[in-house]
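Listed below are the residues making up each chain.
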Amino acid sequence: METLNRALWSLLFQRRIPQVSGDLAQVLRRARRWACRTLRRAEGALGKGVRCRLILCFQHLTLEEMKIFKLCLKDCDVGFLNWGLLERAGSTEVADILVSSLGEQGAWELALTIWKKMGLRELWERARNGDLALVFDPALPASSDERMNYQERMRKKFQLMRDKNHRPGEHELFQHRFTGLLLLQDYRYKEQKQHELLVQGWKHAEILQERGQLTEVSTLFDPVQNTGTQPYTVVLQGAAGIGKTTLAIKVMLDWAEGNLYQEKFNYVFYFTCRELNPLGERGMSFADLIASDWPGPQAPMTEIMSQPERLLFIIDGLDELKFPCNEHRYDLCKDWKQQRPVSILMSSLLRKTLLPEASLLLTTRLAALGKFSPLLENPRHVEILGFSVEQRREYFCKFFRDKNLGKKVFSLIEENDTLFTMCSVPMMNWIVCTCLKQQQERGQDPIQALKTTTALYMCFIDLITPNDHNVLPQHLRGLCGLAAEGIWERKLLFDEEDLRRHDLEAADVSAFLDMNIFQKDSDYENCYSFIHLSFQEFFAAMFYLMSPDNESVNRPDSSIPDVENLLEECSRNEASFVALVVRFLFGFLNTNTTRKLEGKFRCRMSPEIKSKLLQWAKGETKRDYKPSCFSETSFPEWYSYLYETQDAEFVTQALVNVQEMKVKVSHLYHAQSAVFCMKHCPGAQRISFSYYGLIFVLPTCVWQDLFSVISKNQNLKELKLCCHQFDDSCMENLCAALRHPNCKLERLMLECSHVTYSCGQHLFFALPSNKSLKSLHLKDILFEDDGEMLPCETLRKCQLETLSLVSSELTPECYRDLFSALNGNESLKYLDLSKNVINKKAMKFLCKALKNCKLEKLSLVSSELTPECYRDLFSALNGNESLKYLDLSKNVINKKAMKFLCKALKNCKLEKLRMSGCSLTAVCLQDLLLVISINESLKHLDLSDNSFGDEGIKLLCEALEMQNFKLQTLSVSEDSLSDESKKALTSLKSRISFLTLEATATFFDWDAEETV
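Residues numbered from 1 in each chain as written. Predicted model: local features only at pLDDT ≥ 70, side-chain atom pairs only at ≥ 80, totals over all residues. Heavy atoms only, no water.

**Re the overall build of the protein**
1) Next: The helix and strand inventory of the protein stands at 43 helices and 28 strands.
2) Next: Restricting the contact set of the protein to residue pairs at least 6 apart, pairs at least 24 apart contribute 77%.
3) Next: Surface exposure of the protein reaches about 45,600 Å², of which carbon and sulfur atoms provide 48%. (Helix = DSSP H or I, 4+ residues; strand = E, 2+ residues; numbered from the N terminus. Contact = heavy atoms within 4.5 Å. Areas by Shrake-Rupley, 256 points an atom, 1.4 Å probe, with all protein chains shown as cover.)

In structure tokens, the structure reads:
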């Protein structure tokens, strides 16, 4: 065979066709044209680099050879390759991984080495010599001209797509919109499906990508790995809206465009069961069925059927096929020329009586598998799971035809776990994008449609419910009761008995099936489910709106807990299983949503329900919220419930008694919810808002809403803001609020990661305009040097009493200007420069300022002070009568530095001295004890987290027993002490009340009342 192939290829590439019969010569000419095209494609690929060459060579390998190639890669011990990713990768991905990890030359040389090692000498030689055109040995197509005409016909037929909401004549190229899908080869059991319905957000995305063995469309008809058998029937299965039809069209179009299955199938034919159903009993031959879509007057059936093993039939929507397909085998058709009813022809094709060598690609919902599985011969089941995270992002960008807008919208979706989960289903992606696009076409901000979860779900309902579609109230109530019962019983799949219990029959739910809200979702008997758990929660919330007036007391849903029980259950757990139901219920309070519900479903929010929601919300705001120890965030869910209403008056009533609001969030939706509530809480006196979104910067509009609270709420006294980034525009908006005459803020705290000096300028220039601000705390701010300086001279003109610049990495020039501004400053009482490196030069500026200012408290925790710094600092304390508090914790204080301190303590008025974790020794302690025994002013001394050893503890006990200390508080640690020393300290504590013993190295906070 190999010799024959070589001879044929040699013949094809001769310059002239030998003298043979006319028919054979024509075939050879066509074959040579086809071979030349193949060669040009291969040569073109060569020009595109190593990646394309690798892909060409990998396509020549069998699945088993590809598996061995990957194992050889692992044996080569290339440590920085991602083996988990490589193991699941197809040929294209393997090429991408090799080139990106090793570079083009390294990837190509490694591949050549492995092919030689595997014994693939012919491939190795051709690849090494660049002779890739001869790598492939495809069978010849039946008839290139006819095939090309048919492919062109199919390309024109399927290249355009039209959305349901497109205007007449408006289309879009299919390939521009299409986005890949996750395909799973393994079968999932009922429990696995239920688990997927329950999880949300990124966890849901991870589960989708971890479920079993993912595959690609190009490998659907490759031999099964574990058995090596060749599949001739592939079933693409999945839920409604998951992308089955779209994927089937993609296969057809890719083949027509020459990008898929070119060497595997000469012809691909596409049938949709919706179009086949009306033909049911009409008699025709299978040839007539194929010829009905042929581009010319007559299809070349003899040529088409001459190689049945190279035919692929796509049958889309098998679950919609109305034919029973239960005929006796003797009644089936075996001859493609024989006239038979279309129902018999399709049954014969499915059951491999007609054209048994041909391949079938079927799409179906899961519910139909029970009916058709017995008819199919050794099918390969592939389930469509939906979109991965990257595929969702890609879909948004393609839909909006504006990459920036698509990314902007998707970033908001990504931050909302519920919507993010739903967008794994392509249909849901389409609905979300369509809602947003409609907003855009109306001249409205498309982002506003994402403002609340409830609003977007109502947009869904508007789109999938025709205006002329009448839903009977009793059927809707039955569906809502079914949804609510399922939520309470943790039930996602319903059988016909469940339907009957709510006065529903299969025919009664047909309207909801048509709307794609409800679906037959399992092959386990007659099971139904909502298309997503969130839709079940939406209709469960609607259940509580439906008035039971004039209905029997013994109605079928009377056993479902009422609103009070629903809210009580929600209060028990922040992650309650009814949380989204309650969120939707609050969303139904929104005026627009209420109007839509009443118009669409005749559902109305009763005053009683609204009153119960209001009273419950008031109670939730008073409840002591304890964040989970497994979470870094702190966000009571009642913020999101109130946000869903978008009703300022309702929210204000709910928050009437709230004086303090504190949240720590990492999701944009949570941030928006919290700020909305803060904006409408006029009684708030203290607000702490922390946003730690690592991926997304908080939009300016959210900051503007938050800053508006400063100027509008005159009760607000303390504000703490924490975020990773705080740009100039945000700072300008904050400063504008600080300058507002209605601003009564007294304490402002900012914790950020990246702030420019020019950004800091805005803040410092705003200080003199604000007469109420007494305390400014800037923590963990990494000032980025942009050539500007902090205008520290403004400190002389403001009313600040406390300035904290903890961990701010100030430049030497900033220290100079800052300490210069302290000279003559009468108002500033507390300066905190902890966790900043204070060098010798900066210390000299500080010491100079200490002689001419009224500072009462100075904190230099973890400032990496040197002995020279201590000498200058303690020298400045001599004679200083204003400084009462000094914190030197977490700085190393050696014997020499202690000598300077002891000298200063004799002539200063310090009342509080903290030296926790200063590596003090017993010798240092001895010197210190001698001084404080005669010091009249020192009242509080913190020596915790210092290992004095048994010798030091002995000195301490003796001194405390013998001397009359004026101390009110003395803190020491018991760490690393012997049992004898611990016993001595405990005994001493029983006699000396001011002694505080700490079992672990903690920081005793004397000033807890002074911090927010």
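**Section: the packing of aromatic side chains**
1) Next: Under the definition given, this model contains 47 aromatic pairs.
2) Next: Ring centres of Phe387 and Tyr395 lie 5.6 Å apart, and the angle between their planes is 40 degrees; on these two criteria the pair is classed as tilted. Taken individually, Phe387 and Tyr395 each receive the classification buried, so the pair is uniform in this respect.
3) Next: Ring plane angle 70 degrees and centroid distance 6.2 Å describe the contact between Phe586 and Phe650, whose orientation is recorded as edge-to-face. Within this pair, whereas Phe586 is found in helix 28 (residues 579–587), its partner Phe650 is found in helix 32 (residues 648–654), the two being separated by 64 residues in sequence. Phe650 matches Phe586 in its accessibility class, with the two residues each being buried.
4) Next: One aromatic cluster in this structure is built from Tyr457, Phe494, Phe518, Tyr528, Phe530, Phe535, Phe538, Phe539, Phe584, Phe588 and Phe601. (Phe/Tyr/Trp six-rings, centres within 6.5 Å; stacked < 30°, edge-to-face > 60°. Buried < 20%, exposed > 50% of the residue type's maximum accessible area, 1.4 Å probe, protein only.)

**Points about the pattern of salt bridges**
1) Next: Taken as a whole and judged by the stated rule, the model has 26 salt bridges.
2) Next: Salt-bridge contacts for Asp293 lead to Arg153; the nearest nitrogen and oxygen are separated by 2.7 Å. Here Asp293 is found in the loop between helix 14 (286–291) and helix 15 (301–305), whereas its partner Arg153 is found in helix 8 (residues 144–158), with 140 residues between them in sequence.
3) Next: Take Asp293: its relative accessible area is 16%, and that puts it in the buried class.
4) Next: Assessed through its relative accessible area of 34%, Arg153 is described here as partly exposed.
5) Next: Measuring nitrogen to oxygen at the nearest pair gives 3.6 Å for the salt bridge that ties Glu327 to Arg351. Linking Glu327 in the loop between strand 8 (311–316) and strand 9 (340–341) with Arg351 in the loop between helix 16 (342–350) and strand 10 (359–364), this pair joins segments that are 24 residues apart in sequence.
6) Next: Since its relative accessible area comes to 13%, Arg351 is described here as buried.
7) Next: Look at the salt bridges and you will find they share partners, linking Glu485, Lys491, Asp498 and Arg501 into a network. (Salt bridge = Lys/Arg side-chain N within 4 Å of Asp/Glu carboxyl O.)

**Comments concerning the confidence of the model for the protein**
1) Next: Per-residue pLDDT for the protein averages 80, and the proportion of residues at 70 or more is 81%.
2) Next: With pLDDT under 50 throughout, residues 164–170 is counted as low confidence; its partners more than four residues away or in other chains account for 10 contacts.
3) Next: Across residues 549–553, where pLDDT falls below 50, the model places two contacts with residues more than four positions away in sequence or in other chains. (pLDDT = per-residue confidence, 0-100.)

**Here we look at the nonpolar core**
1) Next: Phe286, Phe313, Phe539, Met661, Phe689 and Met915 are the most contacted members of the largest nonpolar core, which totals 296 residues.
2) Next: If near-sequence neighbours (up to four positions away) are discounted, Met915 is found in contact with Ser889, Ile893, Met898, Leu901, Leu920, Leu928, Leu941, Asp942, Leu943, Ser944 and Asn946.
3) Next: Leu54, Leu86, Ala111 and Trp124 belong to the second largest nonpolar core, which has 28 residues in total. (Core = buried A, V, L, I, M, F, W, Y, C linked by side-chain atoms within 4.5 Å.)

**Some points on unusual backbone geometry**
1) Next: The residue Asn378 is not glycine, and still its phi comes out positive at about 45 degrees.
2) Next: Accessibility expressed as a relative area gives 67% for Asn378, which makes it exposed.
3) Next: A positive phi angle, near 55 degrees, is found at Ser919, a position not held by glycine.
4) Next: Tracing the backbone shows Ser919 in the loop between strand 25 (912–914) and helix 41 (922–932).

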